[in-house]
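Structure assessment
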Amino acid sequence: MGERQDGHRIGNRGYAGPPQLIVPSWPEIWRSFEIATASLARELFPSTGSIASERRLALSSGLANVLLCPFGAMPMCHGAGGLAAQFRFGARTGLAPIIFGAVLLVLAIAFADHAAALVALIPMGAVGSLLIFAGTDLAISRRLFDGKPSCLWVIGATALVTVTVNPALGLVLGWVAEVIRAAIVRRLIPERPKS
């Protein structure tokens, strides 16, 4: 028997029982705001270490929101989708977001009255392809292929319902499907007794 980081005991085959409802604490909620982007940054750029840590991402987006909102700026974050799209289309350094930001600043300052019309010139197909590639890269990750075969039907059913019906229903179906999968695995592969 092993033990997870949260103290739950794990059986010999890595199974810890069916999912349980866990209400996160406020520090856990705070830490989770930037966890996806930091995780993706570590996966795409393993040599960078803690440059894009959860703390740094939360501080920079928080400060930007507090400082820029009085000037009419929309709330923003360091989204994993933007990072995935930029990486997918060739960005490998910090220069890509700097160029993107500079273009947006020029649009805002030099063409303020016409900025929305200029941005509207970008074909919807180009925007759609960015979204499709970023979403696909985020959805089909290494973790999907490293998953246990018994998990694949749960992932597939959850994804299908999330995309075709409703994300909230997909979440509920995924949770119920995982409970069923875990019960089946537990019956088929009983835990070995301690020796």
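Conventions used here
- Within each chain, residue numbers correspond to sequence positions counted from 1 in written order.
- In keeping with the predicted nature of the model, local features appear solely for residues at pLDDT of at least 70, side-chain atom pairs appear and are counted solely at 80 or more, and the whole-chain, interface and lining totals rest on all residues.
- To obtain the side-chain values, all non-hydrogen atoms of the structure were used and water was disregarded.
- The criterion for an aromatic pair is that two Phe, Tyr or Trp rings (for Trp, the six-membered ring) have centres within 6.5 Å, with stacked assigned to planes under 30 degrees apart, edge-to-face to planes over 60 apart and tilted to the rest.
- Runs of H or I in DSSP of at least four residues are treated as helices and runs of E of at least two as strands, each being numbered from the N terminus.
- A ring is scored as having a charge over it whenever the NZ atom of a lysine or the CZ atom of an arginine sits within 6 Å of its centre and within 35 degrees of its normal.
- Only protein chains enter the accessibility calculation, which uses a 1.4 Å probe; a residue is then buried when its area is under 20% of its type maximum, exposed when over 50%, and partly exposed in between.
- Polar contact is defined as a pair of N or O atoms within 3.5 Å, subject to the rule that within protein one atom must be able to donate a hydrogen and the other to accept it, and that residues adjacent in sequence are counted only when both atoms are side-chain atoms.
- Any two residues having at least one pair of non-hydrogen atoms within 4.5 Å are treated as being in contact.
- For every residue, the pLDDT score states the predictor's confidence, bounded by 0 at the bottom and 100 at the top.
- Salt bridges are counted wherever a side-chain nitrogen of Lys or Arg sits within 4 Å of a carboxyl oxygen of Asp or Glu.
- The nonpolar core is taken to be a set of buried Ala, Val, Leu, Ile, Met, Phe, Trp, Tyr and Cys residues, with the residues joined through side-chain atoms within 4.5 Å.

Okay, the packing of aromatic side chains next. One pass over the structure, following the stated rule, counts two aromatic pairs. Between phenylalanine 45 and phenylalanine 87, the ring centres sit 5.4 Å apart and the planes meet at 80°, which makes this aromatic pair edge-to-face. Of this pair, phenylalanine 45 sits in the loop between helix H2 (35-44) and helix H3 (54-68) while phenylalanine 87 sits in helix H4 (residues 80-88), and the two are 42 residues apart along the sequence. Positioned above the aromatic ring of phenylalanine 87 is the side chain of arginine 92, whose terminal nitrogen or guanidinium carbon lies 3.7 Å from the ring centre.

Here threonine 37 shows up in helix H2. For threonine 37, a relative accessible area of 9% corresponds to the buried category. In this structure the side chain of threonine 37 is engaged in a polar contact, spanning 3.1 Å, whose partner is the backbone nitrogen of alanine 80. Beyond its immediate stretch of four places on either side in the chain, threonine 37 contacts Leu57, His78, Gly79, Ala80 and Leu83.

Further remarks concern the confidence of the model for the protein. On average, residues of the protein carry a pLDDT of 79, and 81% of them reach 70 or more. Considering only residues more than four positions removed or in separate chains, one finds that residues 8-14, a stretch of pLDDT under 50, has 21 contacts.

Right, let's get into the pattern of salt bridges. Under the counting rule described, the total for this entry stands at two salt bridges. In this structure, arginine 181 and glutamate 178 form a salt bridge, with 2.7 Å as the shortest nitrogen-oxygen distance. In this pair, arginine 181 and glutamate 178 are both assigned in helix H10 (residues 167-188), three residues apart and thus about one turn of the helix distant. Assessed through its relative accessible area of 9%, arginine 181 is described here as buried.

Leu40, Ala80, Ala84, Ala85 and Ala134 form the largest nonpolar core, which has five residues in total. Here this core takes three residues from H4, the largest share from any one element. Excluding anything up to four places from it in sequence, alanine 80 contacts Ala36, Thr37, Leu40 and Leu138.

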